[in-house]
Each structure stands twice: as C-alpha cells, then as structure tokens.
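Residues per chain, in single letters:
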Amino acid sequence: MAGQKVHEAYGGVVPELASRAHQQHIVPVVHEALKVAGVTKEQLSAIAFTNGPGLLGSLLVGVSFAKSMALGLGIPLIDVNHMQAHVLAHFIDQDRVPEFPFLCLTVSGGHTQIVRVDAPMDMTVIGETIDDAAGEAFDKAAKIIGLPYPGGPLVDKLAAQGDPTRFEFPIPRIQGTNFSFSGLKTAFLYLVRDELAKDDQFIEKNRDHLAASIQRSIVAILMSKIKRAARGTGIDQIAIAGGVAANSGLRNAINETGEKLGWDVFIPEFQYCTDNAAMIAMTAHFKYLNHEFVGQDIFPSARMKL
Ligand code: KG4
Ligand code: ZN
C-alpha cells in the first residue's frame, strides 16, 4: 500500500500528482502484494481493476496496468465499480455477513449514498447527496479549523475530547432519503469567522469542541436518513461502508440506534472502510463466479454511476 502524503502539502488531492504517484507505486505495490500473499503471478486466476468512479488519471494507470498484466498472463480481466466495492467489503473474511436485502450507507470522500442491496450484483441507490459528500464535509470543516488533509480522522480524534453540544448547527430539511451538507459547512465557516473576529484565539481554545460539534451534526444527518430509509423499506439489515464508516461517532450511533430499533448492524473493520484493494478483489470474486469479464477495449469512467 502506498501513502497519501503527496496531498498533505496542498490541503487536498491534486489530480495530476495522484496519477503520477499511482504510476510510481503500481509496480512495487503489486510486487509486494504477491509476496505478502505468497503467490506467484502464474497462480492468478484473473486481474481486477477499478474502472470508476474516481480521478481519470489514476484510473487510467490502473486499467492500463491491469490490461497488460491480463494480456501477458492470458487470464480474464474484471472491471470493478468503486462504490459497489465499498458495499461488498462486508463480505471480506467475515463469519457474520448481512442477509439480502440489506441497506448500506456508503459514506466516502466523494459519495454519500443509501443503497438497497438485493444481491452482490444487484444494488439500487435510494438516496444520495445533492451537494457535498459526508467525507468532504469532514475535510472542509477540518480545513477551516486548521487541520491538514484529509481532516476526517483528525476531527474524529479531537472530537473524543470535546463537548458535542457546545455549538449548534441547523439540520438541513431535505425531502426523502437525500442528503445535503453544504449548508452545514457554510454555517460552520460563518460561526468560526464571527467568533474569530471577537477572539483571535477562538480556534485554539475550541478546536476539540468544534470538532465534536461538527461531527455530531454530520452523524445526525446521516442517522436521520438511514432511519427513514429503514422505515420506508421495512429492511432491518443495516450496513455502513466507505471512509467515513471509520468514524467513531457514526459507528457508535449506528450501533445504539440499531439496538433500539432491532436492526442487525454491520460495520466493516477499519482497514476495509477507507479505500483498499481487498474490496476490489472481493467484488471481482463475485463477478468471476458469474463469468463477468471485460475485453481489452474497456475504458475507465470518472463519473461512473453505481
Ligand atoms: O472511501 P475513502 O477512503 O475514499 C473515497 O472513496 O473518497 O474515504 C475517504 C474519506 C475522507 O473524506 C476522509 O476524511 C474520511 O473518509 N474519513 C473519515 C474518517 N476516516 C476517513 N471521516 C471521519 N472520521 C474518520 N475516522
Ligand atoms: Zn472510496
């Protein structure tokens, strides 16, 4: 696995730097993965790759590498949808897996979706964000209080020492099971700006309370919508996935609500929440069983839908 240090200095992901980093790391990472797994490339049954959604430059590095490896080894090529893979992370190495149909709240840096999952390859988005993603809301709030990118995990850490009720933010009124986070970000920005005008030490004095309060609001929005989706569909198998599923506030809230409402709750291990290759392999496994392969003419798509 290669790190994300390259983005820290710029306060966000720079697409061109991301693709160059992919190019630099792909050969050593694949080499290392085979070594750790204790398999040779001749033992591989297929090559899987992410073909979207994501940054096109990075996707191109992956698809080109996967195509040549599959061609060279004479084995099938499998394309994987990144958002589907986040959901199917629930089937990696687990003795307890969700029953179909289940609902998955997929929350990452680029997406916020409620997905109805009827089978590994049969998923329907029943709610999604109309503006920012939940991870983006965490990262933007983190930036406002001077934390480096990606700020989500740091907000989580600071929140543990803060008072989540210190600052109140309005909860958006969005119909149905869709989400909105941009109003919350603006309210957070204005609060910090107004308080800084009165006391230039405001952030230093309140960083943990600000983190705890924004986390509470983001989690409250997520919880209200997943509860509504569960009620509306009558489904009580509830899962969370994606980078923000690593958030301790969300993990606690989903467990507590699940207990109260009689849900079966599924939360991935930390390492399978944020982007990882195992979830891509897991999805490819289901496609392999169905013989769902693609040809050498496949092209990635940055804005691919689930
Ligand atoms: O799924 P992911 O690794 O990549 C995308 O597909 O976007 O999600 C990354 C997002 C980032 O916005 C990051 O700040 C957020 O997940 N994140 C967290 C935590 N860990 C990662 N947000 C809040 N609390 C966390 N513990
Ligand atoms: Zn992701």
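Relevant structure appears above.
Residues numbered from 1 in each chain as written. Chains lettered and ligands numbered in written order. Predicted model: local features only at pLDDT ≥ 70, side-chain atom pairs only at ≥ 80, totals over all residues. Heavy atoms only, no water.

Participant: Got a minute to help me understand the pattern of salt bridges in this structure?
Facilitator: Where side chains of opposite charge bring their charged atoms close, a pairing between them can arise. In total, this model carries twelve salt bridges according to the counting rule given. With a shortest N-O distance of 3.6 Å, lysine 41 and glutamate 42 are connected by a salt bridge. Classification of glutamate 42 as exposed rests on a relative accessible area of 57%. Here lysine 205 and aspartate 199 are joined by a salt bridge, their closest N and O atoms 2.7 Å apart. You can call aspartate 199 partly exposed: its relative accessible area is 24%. (Salt bridge = Lys/Arg side-chain N within 4 Å of Asp/Glu carboxyl O. Buried < 20%, exposed > 50% of the residue type's maximum accessible area, 1.4 Å probe, protein only.)

Participant: Could you clarify how one ought to interpret the coordination of the zinc ion (ligand 2) in this entry?
Facilitator: Tetrahedral coordination by four donors sets the ideal angle at the metal to 109.5 degrees; octahedral coordination by six donors sets it to 90 or 180 degrees. At 2.0 to 2.2 Å from the zinc ion (ligand 2) lie its protein donor atoms, namely His82 (NE2), His86 (NE2) and Asp275 (OD). Each donor residue of the zinc ion (ligand 2) belongs to the same chain, and together they define the spacing H-x3-H-x188-D. Of the two residues, histidine 82 sits in helix α4 (residues 82-88) while aspartate 275 sits in the loop between β7 (264-266) and α10 (277-289), which places them 193 residues apart along the sequence. For histidine 82, a relative accessible area of 14% corresponds to the buried category. Looking at aspartate 275, the relative accessible area reads 49%, which means it is partly exposed. (Donors = N, O, S within 2.8 Å, 3.2 Å for Na, K, Ca; no water. Helix = DSSP H or I, 4+ residues; strand = E, 2+ residues; numbered from the N terminus.)

Participant: Help me out: how do you make sense of the pairing of strand β1 (residues 47-52) in this one?
Facilitator: Two faces, one strand: in a regular strand the side chains alternate between the faces of the sheet. Along β1, five of the six residues are buried, which leaves the element largely enclosed by surrounding structure. Relative to strand β2 (residues 77-81), β1 is paired through five bridges, and the arrangement is parallel. Bridge pairing links phenylalanine 49 to aspartate 79 in β2. Tracing the backbone out of β1, into helix α3 (residues 56-73) and back to the parallel element β2 gives a crossover that is right-handed. (Pairing = 2+ DSSP bridges. Right-handed = clockwise from strand over helix to strand, strands pointing away.)

Participant: What's the story with the packing of aromatic side chains in this structure? I'm lost.
Facilitator: Two aromatic rings are characterised by how far apart their centres lie and by the angle between their planes. Under the criterion given, the structure shown has eight aromatic pairs. With a centroid separation of 5.7 Å and 55° between ring planes, the pair formed by phenylalanine 169 and phenylalanine 188 is classed as tilted. Taken as a pair, phenylalanine 169 in the loop between α6 (152-159) and α7 (182-198) and phenylalanine 188 in helix α7 lie far apart in primary sequence, 19 residues in all. With relative accessibility at 7%, the residue phenylalanine 169 sits in the buried group. Seen in terms of ring centroids, phenylalanine 179 and phenylalanine 181 are 6.2 Å apart; in terms of plane orientation they differ by 10°. Their pairing is stacked. The two residues phenylalanine 179 and phenylalanine 181 agree in class, both being buried. An aromatic cluster is defined as three or more aromatic residues linked by ring pairs; in this entry it consists of Phe91, Phe100, Phe102 and Phe286. Its end group placed over the ring of tyrosine 190, arginine 193 keeps NZ or CZ at 4.5 Å from the ring centre. The cationic tip of arginine 251 hangs over the ring face of phenylalanine 270; the distance from NZ or CZ to the ring centre is 4.0 Å. (Phe/Tyr/Trp six-rings, centres within 6.5 Å; stacked < 30°, edge-to-face > 60°. Lys NZ or Arg CZ within 6 Å of the ring centre and 35° of its normal.)

Participant: Would you take a moment to explain α7 for this structure?
Facilitator: Note: α-helices contain 3.6 residues per turn, so residues at a spacing of three or four share the same orientation. Between its terminal C-alpha atoms α7 stretches 25 Å, which fits the 24 Å expected from 17 residues at 1.5 Å a residue. For α7, the full list of buried residues reads Leu184, Phe188, Leu191 and Val192. For α7, the angular spread of the buried residues around the axis is 95°, confining them to a single face. Contact partners of the buried residues in α7: α5 (134-144) and α8 (202-233). (Expected span 1.5 Å × (residues − 1). Arc of directions from axis to C-beta. Contact = heavy atoms within 4.5 Å.)

Participant: I would appreciate a short explanation of the site of ligand 1 in the present structure.
Facilitator: Neighbouring ligand 1 are 18 residues; Gly109, Asp139, Asp156, Asn247 and Asp275 lie closest to it. One of the side-chain N or O atoms of histidine 86 is found 3.1 Å from an oxygen atom in ligand 1. Separating an oxygen atom of ligand 1 from a backbone N or O atom of glycine 135 is a distance of 3.3 Å. Starting from 560 Å² of accessible surface for ligand 1 in isolation, the protein chains cover 87%. Tallied by class, the residues present in the shell around ligand 1 amount to five nonpolar, ten polar and three charged. (Near = heavy atom within 4 Å. Polar contact = N/O pair within 3.5 Å; in protein donor to acceptor, adjacent residues only side chain to side chain. Areas by Shrake-Rupley, 256 points an atom, 1.4 Å probe, with all protein chains shown as cover. Nonpolar A, V, L, I, M, F, W, Y, C, P; charged D, E, K, R; others polar.)

Participant: What should I look at first to understand unusual backbone geometry in this one?
Facilitator: Keep in mind that most residues, glycine aside, have a negative phi and that most peptide bonds are trans. In this chain, phenylalanine 100 is followed by proline 101 through a cis amide linkage whose omega measures -5°. In this fold, proline 101 is placed in the loop between α4 and β3 (102-107). Phi at histidine 291 takes a positive value of approximately 55°, unusual for a residue other than glycine. Checked against the element boundaries, histidine 291 lands in the segment after α10.

Participant: How do you make sense of helix α2 (residues 15-37) when you look at a structure like this?
Facilitator: The largest bend in α2 is about 45°, located at histidine 25, with the proline proline 28 one to four residues further on. Among the structural elements, α1 (5-8) and α3 are those in contact with the buried residues of α2. Of the residues flanking the end of α2, it is glycine 38, one or two places downstream, whose phi is positive at about 70°. (Bend = angle between axes of the 7 residues up to and from the residue.)

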